[in-house]
Each structure stands twice: as structure tokens, then as C-alpha cells.
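# Structural characterization, general
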Amino acid sequence: QVQLVESGGGLVQAGGSLRLSCATSGRTFSRYLMGWFRQAPGKEREFVAAINSISWSTGRAYYADSVKGRFTISRDNAKNTVYLQMNSLKPEDTAVYYCAFKESTSGSYYYTPSYDYWGQGTQVTVSS
């Protein structure tokens, strides 16, 4: 079983920054792709960013078009933690943010059902 614990959410003004963290346990973290998703009220959960394992594509990162150039995903394999640095935040970034662990090698990184384990979520609210 894999445990994921997010932290770092909060209330911030538009244009501000936040850094989310997701600490994991239960697997050899460095071998697996990790993702961040978000879900706003009344909307479906959507892909935000993903980062591959170091052993596959040397930790290549992927981003949704809506966050490209503003958000950065990174991982620290020594700490079993993945991060999401969010800059130039907008009110439309308001959502519950979830980290996710992709154990399976099948399925796309941007597809919610491709992930096997999820954190409990952390609220990010951006005021205008």
C-alpha cells in the first residue's frame, strides 16, 4: 500500500506563489511516475503536471497548457517527495490539489484512471 500526504495549500492573492509537497511511503518512490491533479467545485478532476522517474526519461516533466510556464513539478527521491511550485497564481487555479502515484506502466500520464494511489488533497484558494 502506498500512502500520499499533501501539504502546502492555502489562501493567496492573485499573482502570488505557493509550493505544494506530497510525501510518499510504501514503494520505491524513485521508480514511479508522480502526478498532480486538481478539482474545482462542480468540475471534473483535471491533470496539472507529472514527472517521470529518474530511470525513465530522466525525470521528464509534463504540464497542462493552462499551467505551463507558471507551475514547476519536481521530485526529491532521497525524501520520497514530489513538489509543485505554483507561481503567478490566478483565481481560476482555485481547486483542491491532489498528488497521485502511477504504479502501472500502462495508461497515459494525463489520464486520471491511470493512477493507482491518491492523496487526500489540499485546498488552494486564489483571491482576485
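Thresholds, definitions, all that
Residues numbered from 1 in each chain as written. Predicted model: local features only at pLDDT ≥ 70, side-chain atom pairs only at ≥ 80, totals over all residues. Heavy atoms only, no water. Salt bridge = Lys/Arg side-chain N within 4 Å of Asp/Glu carboxyl O. Helix = DSSP H or I, 4+ residues; strand = E, 2+ residues; numbered from the N terminus. Buried < 20%, exposed > 50% of the residue type's maximum accessible area, 1.4 Å probe, protein only. Phe/Tyr/Trp six-rings, centres within 6.5 Å; stacked < 30°, edge-to-face > 60°. Contact = heavy atoms within 4.5 Å.

## Concerning the pattern of salt bridges
Within the structure shown, the criterion is met by five salt bridges. Note that D93 and R38 form a salt bridge whose closest N and O atoms lie 2.9 Å from each other. Placement of D93 in the loop between strand 8 (81–86) and strand 9 (95–102) and of R38 in strand 4 (residues 33–39) is noted, with a sequence separation of 55 residues between them. Of the residues examined, D93 reaches a relative accessible area of 1% and is grouped as buried. Under the relative-accessibility criterion, R38 is labelled buried at 6%. Through salt bridges with shared partners, one network takes in R38, E46, R70 and D93.

## A word on the packing of aromatic side chains
Evaluation of the coordinates by the stated rule reveals nine aromatic pairs. Ring centres 5.0 Å apart and planes at 80 degrees place the aromatic pair F37 and Y115 in the edge-to-face group. Here F37 is found in strand 4, whereas its partner Y115 is found in the loop between strand 9 and strand 10 (117–118), with 78 residues between them in sequence. As far as the burial class goes, F37 and Y115 line up, both buried. Between Y62 and Y109, the aromatic rings sit 4.1 Å apart at their centres with planes inclined by 20 degrees, giving stacked as the arrangement.

## Re the environment of F101
Secondary-structure assignment places F101 in strand 9. Under the relative-accessibility criterion, F101 is labelled buried at 1%. With 42 residues separating them along the chain, F101 and G59 place their C-alpha atoms 14 Å apart. Sequence-distant contacts of F101, defined by excluding residues within four places in its chain, comprise V2, L4, R27, Y32, L33, M34, Y115, D116 and Y117.

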